[in-house]
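Here is what each chain is made of, one letter per residue.
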Amino acid sequence: MDWNRVEGNWKEMKGKVKEQWGKLTDDDLDVIAGKQDQLEGRLQQRYGYAKNQAQKEVNSWYGRQKCIPPAETVLFGDRLPRKHVALRLALRSVDAGR
């Protein structure tokens with residue numbers, strides 16, 4: 001997993017970041033916008049961390065994230081990425097058979 005997945009799924013990841021570091025404001029999260037260096041910088045500001053401590057905190061948090069989906073597989077409303085259309089159709093046929 002690479003940090004690009006965090007950046008690509010920032011809307012979903014914001015909640016996890018806010019859960020971990022509650023002192024970060026919504027404005028902070030907007031400025032961070034999924035960028036690792038911005039997150040580290042805001043942690044230094046809000047928590048008084050040294051640069052290396054902020055990096056360790058972020059790396060530790062990142063390592064605990066079980067599954068960050070690739071950005072192209074994020075669901076938007078009822079739309080699915082093209083590769084999942086067959087799965088959706090298969091599920092509909094199963095539901096129709098009930």
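Details of the structure are given in the entry above.
Residues numbered from 1 in each chain as written. Predicted model: local features only at pLDDT ≥ 70, side-chain atom pairs only at ≥ 80, totals over all residues. Heavy atoms only, no water.

Let's talk about the nonpolar core
By size, the foremost hydrophobic cluster in this structure holds 16 residues, and its most contacted members are V17, W21, L24, L39 and L43. Mapped by element, the contributors of at least two residues to this core are α1 (3-8), α2 (10-20), α3 (26-32), α4 (36-47) and α5 (51-64). Sort the elements by how many residues they give to this core and α5 lands first, with 4 residues. With residues up to four places along the chain from it excluded, the contact list for L39 reads W3, V17, W21, L24, I32 and V58. (Core = buried A, V, L, I, M, F, W, Y, C linked by side-chain atoms within 4.5 Å. Buried < 20%, exposed > 50% of the residue type's maximum accessible area, 1.4 Å probe, protein only. Helix = DSSP H or I, 4+ residues; strand = E, 2+ residues; numbered from the N terminus. Contact = heavy atoms within 4.5 Å.)

Digging into the side chain of Q65
Assignment of secondary structure puts Q65 in the loop between α5 and α6 (85-96). Looking at Q65, the relative accessible area reads 12%, which means it is buried.

A look at the side chain of E40
Counting through the fold element by element, E40 comes out in helix α4. No salt bridge is formed by the buried E40; the nearest opposite charge belongs to K51, separated by 6.6 Å. Dropping the residues within four chain positions of it, E40 is found in contact with A54, Q55 and V58. (Lys, Arg positive; Asp, Glu negative; His and termini not counted. Salt bridge = Lys/Arg side-chain N within 4 Å of Asp/Glu carboxyl O.)

Focus on the packing of aromatic side chains
Working definition: an aromatic ring pair is given by the centre-to-centre distance plus the angle between the planes. In the structure shown here, the tally under the stated rule is 4 aromatic pairs. Look at W3 and W61: their rings are 6.2 Å apart centre to centre, the planes differ by 65°, and that puts the pair in the edge-to-face class. You can see W3 sitting in helix α1 and its partner W61 sitting in helix α5, a full 58 residues away along the chain. Classification of W61 by relative accessible area gives buried; the value is 2%. Aromatic ring contacts, followed pair by pair, group W3, W21, W61 and Y62 into a single cluster. (Phe/Tyr/Trp six-rings, centres within 6.5 Å; stacked < 30°, edge-to-face > 60°.)

With respect to unusual backbone geometry
Phi angles above zero are rare outside glycine, and A33 is one such case at about 50°. Relative to the helices and strands, A33 resides in the loop between α3 and α4.

Thoughts on the pattern of salt bridges
The tally for this structure, following the rule as stated, stands at 4 salt bridges. Among the ionic pairs, E7 bridges to K35, the shortest N-O distance being 3.8 Å. In this pair, E7 is assigned in helix α1 and K35 in the loop between α3 and α4, connecting sequence segments 28 residues apart. Relative accessible area serves as the criterion here: at 34%, E7 is assigned to the partly exposed category. Through salt bridges with shared partners, a single ionic network connects D28, R42 and R46.

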